[in-house]
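# Topology and contacts: notes
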Amino acid sequence: MDGKVLLPDNMFALYYGKNGTNGVEFEVRRGVEDSAEFGEIMKWDNKTDLNWWGGKYCNMINGTDGSIFAPFVTRDRTLEIFSEELCRSLYLTYQEDIEHHGVPGFRFSLPSKLLQRASQNKDNRCFCEDIGIKETSGVSGTGEKEAEKPPPIQISADDFDDGFFAEDTEEEKVEVKKEEVEEPTPVTEEVPSQCRAGVILLSACKGGKPIIASTPHFLFGEFTDVSNVEGLHPVEEKHGTFIDLEVNTGLVLQASKKIQINVQLKKTNSVHQMGKLRGEFILPVLWADEYAAMAPERAEELKAKLLSTFQIANISKWSIIGVSSVLIIIGLIVFVLRAKNSKYLP
């Protein structure tokens, strides 16, 4: 086949060749002058920004690598993370208070707004535009044409209107499918049709390969993508990504990063089954849950060495305030009594 090696070493794996390898170099802030900057990425692979996407906002490298965070966590904080796998920066927002092995913390989760289609969230427009296209309509961008790269593969919701497969003998079944599928939100001229909710097209940073990342079961995604595959039932509690942080130190108590890998299928006469496809179809391959949690013994150590210290300091603070208040009151009483006695002396 034109001398191309389809399977190096006669092996196929999604993470083939990555086990035991070193990643690219990160340059991060130490947070010496400002603890709020602790762990923030200054450079990734000697770059201060990316060049895969169609605008300045989408090419920003924000936050940490997701393993360390600044201390003194508050509920109104937005956790910014740069993901190498997804070739972009993400963010998580506060969800709820939690407790992990007796250690209190805050849970931050991936908001649905992050993966909204561009017609709902204009910040997402440059993630699906062809790189080098000047952005308009007030959307931030470089404003200059950059080096040409293969455009992201376009997926239009209209391609699914007549079902996936052209089966003349099952016309009635296709009609039922059409009624069950919810009509997607109309896409205006200002919003490219490939800007679908819930998916991240990675072809721009994966050498043009038709790889699409999403949340498991297309959580926060288009209704058509969910209904087009049997057995998908997105549930945020099961398929959502979250990070739990200890409030004082910013240490990760537990984290669950969930990602689904999909491929884009197109009609081709080379494969009999794919010759029946109508338009393009996002096919889930697998989804993975990368989970990590602080061990119970480490949690006990944290409580003994840190939280107990905070509790002692807190108790001591209020004890000092209480004793000081009592001494002040006693001093006032003594002063009043002495003043009263001295007033009636002969």
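Residues numbered from 1 in each chain as written. Predicted model: local features only at pLDDT ≥ 70, side-chain atom pairs only at ≥ 80, totals over all residues. Heavy atoms only, no water.

Scanning the protein from terminus to terminus reveals four helices and 10 strands. Residues counted as buried form 36% of the 346 residues belonging to the protein. Considering only contacts in the protein between residues 6 or more positions apart, those separated by 24 or more positions represent 58%. Within the structure as shown, the protein displays about 21,300 Å² of accessible surface, and the carbon and sulfur contribution to it stands at 55%. (Helix = DSSP H or I, 4+ residues; strand = E, 2+ residues; numbered from the N terminus. Buried < 20%, exposed > 50% of the residue type's maximum accessible area, 1.4 Å probe, protein only. Contact = heavy atoms within 4.5 Å. Areas by Shrake-Rupley, 256 points an atom, 1.4 Å probe, with all protein chains shown as cover.)

On to the state of the cysteines, then. Disulfide: a covalent bond formed between the sulfur atoms of two cysteine residues. Evaluated as defined, the whole model comprises two disulfides. With a sulfur-sulfur separation of 1.9 Å, Cys58 is cross-linked through a disulfide to Cys126. Disulfide Cys58 to Cys126: torsion about the S-S bond roughly 80 degrees, handedness right-handed. Within this pair, whereas Cys58 is found in the loop between β2 (41-44) and β3 (79-83), its partner Cys126 is found in the loop between β5 (103-109) and α1 (171-180), the two being separated by 68 residues in sequence. As far as the burial class goes, Cys58 and Cys126 line up, both buried. There is a disulfide in this structure between Cys87 and Cys205, and the S-S distance comes to 2.2 Å. Classification of the bridge connecting Cys87 and Cys205 rests on its S-S torsion, roughly 80 degrees, and on that basis the disulfide is right-handed. Taken as a pair, Cys87 in the loop between β3 and β4 (88-100) and Cys205 in the loop between β6 (199-201) and β7 (211-214) lie far apart in primary sequence, 118 residues in all. Just as Cys87 is buried, Cys205 falls in that class too. (Disulfide = S-S within 2.5 Å.)

We now examine the side chain of Thr64. Here Thr64 is to be found in the loop between β2 and β3. The buried category is assigned to Thr64, whose relative accessible area is 4%. Ignoring sequence-local partners within four residues, the contact set of Thr64 consists of Phe38, Gly39, Glu40, Ile41, Phe69, Glu80, Ile81 and Phe82.

Here the focus is the packing of aromatic side chains. If you walk through the whole model with that rule in mind, you get five aromatic pairs. Pairing Trp53 with Phe127 gives two aromatic rings, centres 5.3 Å apart and planes at 75 degrees, and the pair type is edge-to-face. Taken together, the residues span a long stretch of sequence, with Trp53 in the loop between β2 and β3 and Phe127 in the loop between β5 and α1 at a distance of 74 residues. The pair Trp53 / Phe127 is uniform in exposure class, with both members buried. The ring of Phe127 has Arg88 sitting right over it, with the charged end atom 3.8 Å from the ring centre. When the ring centre of Phe242 is taken as reference, the NZ or CZ atom of Arg107 above it lies at 3.9 Å. (Phe/Tyr/Trp six-rings, centres within 6.5 Å; stacked < 30°, edge-to-face > 60°. Lys NZ or Arg CZ within 6 Å of the ring centre and 35° of its normal.)

On the surface, Val323, Val326, Leu327, Ile330 and Val334 cluster together into a nonpolar patch covering about 430 Å² of accessible area. Mapped onto the secondary structure, Ile330 falls in helix α4 (residues 296-343). Take Ile330: its relative accessible area is 45%, and that puts it in the partly exposed class. (Patch = residues over 30% accessible without salt bridge, like charges linked within 9 Å, V, L, I, M, F, W, Y side chains within 5 Å. Salt bridge = Lys/Arg side-chain N within 4 Å of Asp/Glu carboxyl O.)

In this section: the pattern of salt bridges. For side chains bearing opposite charge, pairing can occur when the charged atoms are close. The tally for this structure, following the rule as stated, stands at 12 salt bridges. Here Lys303 ties to Glu300 by a salt bridge, and the two come within 3.0 Å at their closest N and O atoms. With a gap of three residues between them, Lys303 and Glu300 both fall in helix α4, about one helical turn apart. Residue Glu300 is classed as partly exposed on the basis of its relative accessible area of 45%.

Summarising the sheet, β3 and β4 pair through five bridges and their orientation is antiparallel. Pairing of Phe82 across the sheet is with Ser89, part of β4. Once β3 ends, the chain turns through four residues before running back antiparallel as β4, passing Cys87 with a positive phi of about 60 degrees. The pairing of β4 with β5 spans seven bridges and is classified as antiparallel. For His100, the partnering residue across the bridge sits in β5 and is Val103. The antiparallel pairing of β4 with β5 creates a hairpin that spans two residues between the two strands, and His101 there sits at a positive phi of about 50 degrees. (Pairing = 2+ DSSP bridges.)

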